Amino acid sequence: MAVTLRDVARCAGVSVRTVSNVVNGKPHVRPGTRARVLDAITALGYRPNLSARQLKYGRGGFLALVVPELEAPYFAELAALFTQVCVERGYLGLLESTGGTREHEQLVLRGAQTHMIDGILFSPLSLSGPELAEHSPSQPMVLLGEREPPPGWSRVTVDSVAASRAVTEHLIATGRRRIAVIGHFEHDRSIGTGVLRFRGVIEALDAAGLTFDRQLLQGVHKYDQECGRQAMLTLLERSERPDAVVCFNDLMALGAIRACYEAGVAVPDEIAIAGFDGNRQAAFSTPSLTTITPDMEALVRSAVGLLIDGCDDGVQVDVPWSLTIRESTAGRSSGRERAGGEQD
């Protein structure tokens, strides 16, 4: 027998009206009460009657999150928060992984023309802004990440230029001068993550009067541990090794640390290594990893809020981030955090 609103209300010790308000994302519900209702919904496995909801409210009750992959810790955390926030707002979250290919991203956009989906959060890897505009779905869409959105589209992002500039400034402050980069895509046709993070590195070097050695730019075809490891091994073969490396995500940075261990190179004594994304594993590597940590909850809540409450005016939201300084750049005495990206 299907679980009803009355069952949830009885379990949570509240009225049916209160449960309905929580399920439909209504305000003015006390946080403690909302938490009890959400716990009861989870425990009982309650699912809204989507057909009745669509007839009553003119919506299907689904929001979709489309990302390049779900295996990567960054996107896995994003997906977990997305499904949680969807439930809080009275929706069910759908997840789609594209593999980052142009064909799959186009297929997702073409297939999004359905009344069952009320909005899409989309993190494109291959499609440019003009290409996205060609396949614009009828539902509200919010872009995640650095891809330039088509006119009128909303976007939620982290200021990658400012963040990578901050981590590079930290490396320079510790005395590093030959700073390498792992992760920039030379063939990128549009402004994406790699381009912007590389720009931040260059800005910090320029401000310090340092010249970037193009031999220290190590491109990869995938942002994972093995590509980071292989890129670091290549850098270690240089006649003039770097004394620091900025990796454009934490997985590559962890691979780079492994490569240094295999080669007998001490981190951070000989080479400092920093990453991006603030993955939870970063705190448990040996040495622990310095990284840029975006406020993931703020990112998801902002994006879902734009989908539900309206995003027709091309809003851009820059979410906060912090530089978490750990052993991989500052040694065992590290453990500081520098905030960045706050909203005025």
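If you're wondering where the values come from, they're calculated on a predicted model, not measured in any experiment.

1. With respect to the packing of aromatic side chains
Inference 1: A complete count under the given rule lists two aromatic pairs for this structure.
Inference 2: Here Tyr 74 and Phe 75 contribute two aromatic rings whose centre-to-centre distance is 5.2 Å and whose plane-to-plane angle is 85°, an arrangement assigned as edge-to-face.
Inference 3: A relative accessible area of 14% places Phe 75 in the buried class.
Inference 4: Plain terms: the ring middles of Phe 198 and Phe 212 are 5.4 Å apart, the flat faces sit at 75° to each other, and that makes the pair edge-to-face. One end of the pair, Phe 198, is in helix H9 (residues 193–207); the other, Phe 212, is in the loop between H9 and strand S7 (217–218), and 14 residues separate them in sequence.
Inference 5: Overall, the relative accessible area of 10% leaves Phe 198 in the buried class.

2. Describing helix H2 (residues 16–23)
Inference 1: Along H2, the positions that sit buried rather than exposed are Val 19, Val 22 and Val 23. Around the axis of H2, the buried residues are gathered within 95° of arc, so they sit on the same side.

3. Here we look at the sheet that holds strand S11 (residues 316–318)
Backbone-to-backbone hydrogen bonds join strands into a sheet, with any given pair of strands oriented parallel or antiparallel.
Inference 1: In space, the six strands of this open sheet follow the order S2-S1-S3-S4-S5-S11, with parallel pairing throughout. Two strands bound the open sheet, and with one partner strand each, they are strand S2 (92–97) and S11. Averaged over neighbouring strand pairs, the angle between their axes works out to 20° when direction is ignored.
Inference 2: Across three bridges, the pairing between strand S4 (residues 141–144) and strand S5 (residues 154–157) is parallel. Bridge pairing links Leu 144 to Val 156 in S5.
Inference 3: Strands strand S1 (62–67), S2, strand S3 (117–122) and S4 of the sheet are contacted by helix H5 (residues 73–88), whose axis makes an angle of about 175° with S1.

4. Let's talk about the environment of Leu 216
Inference 1: On the secondary structure map, Leu 216 appears in the loop between H9 and S7.
Inference 2: Assessed through its relative accessible area of 2%, Leu 216 is described here as buried.
Inference 3: Apart from residues no more than four positions distant in its own chain, Leu 216 is found in contact with Arg 178, Ile 179, Ala 180, Val 181, Leu 235, Glu 240 and Pro 242.

5. A word on the pattern of salt bridges
Inference 1: Taken as a whole and judged by the stated rule, the model has eleven salt bridges.
Inference 2: Salt-bridge contacts for Arg 10 lead to Asp 7; the nearest nitrogen and oxygen are separated by 3.3 Å. Note that Arg 10 and Asp 7 are positioned in helix H1 (residues 5–12) at a spacing of three residues, about one turn of the helix.
Inference 3: Owing to a relative accessible area of 58%, Arg 10 belongs among the exposed residues under this scheme.
Inference 4: You can call Asp 7 partly exposed: its relative accessible area is 28%.
Inference 5: Residue Arg 89 pairs with Asp 309 through a salt bridge whose shortest N-O separation is 3.0 Å. Here Arg 89, found in the loop between H5 and S2, pairs with Asp 309, found in helix H12 (residues 296–309); they are 220 residues apart in sequence, far enough to count as distant.
Inference 6: What makes Arg 89 partly exposed here is its relative accessible area of 23%.
Inference 7: Given the relative accessible area of 57%, Asp 309 is considered exposed.

About the cut-offs
- Each residue is numbered by its place in its chain's sequence as written, counting from 1.
- With pLDDT at 70 or above as the cut-off, local features in this predicted model cover only qualifying residues; side-chain atom pairs require 80 or more to be listed or tallied, and sums for whole chains, interfaces and linings still use all residues.
- Excluding hydrogens and water, the side-chain figures rest on all heavy atoms present in the structure.
- Any two of the Phe, Tyr and Trp rings considered here, Trp counted by its six-membered ring, make a pair once their centres fall within 6.5 Å; the pair's planes then place it as stacked at under 30 degrees, edge-to-face at over 60, or tilted in between.
- For every residue, the accessible area obtained with a 1.4 Å probe (protein chains only) is divided by the maximum for its type, and the residue is called buried under 20%, exposed over 50%, and partly exposed between those limits.
- Secondary structure is summarised from DSSP: a helix means a run of H or I of at least four residues, a strand means a run of E of at least two, and numbering begins at the N terminus for each.
- Note that the arc is defined by the directions from the helix axis to the C-beta atoms.
- Two strands form a pair only when DSSP identifies at least two bridges running between them.
- Only the stretch in contact is used when a helix axis is fitted, and all axes are lines through C-alpha atoms; the angle between N-to-C directions ranges over 0 to 180 degrees.
- Two residues form a contact once any of their heavy atoms are found within 4.5 Å.
- By salt bridge we mean one thing: a side-chain nitrogen of Lys or Arg within 4 Å of a carboxyl oxygen of Asp or Glu.

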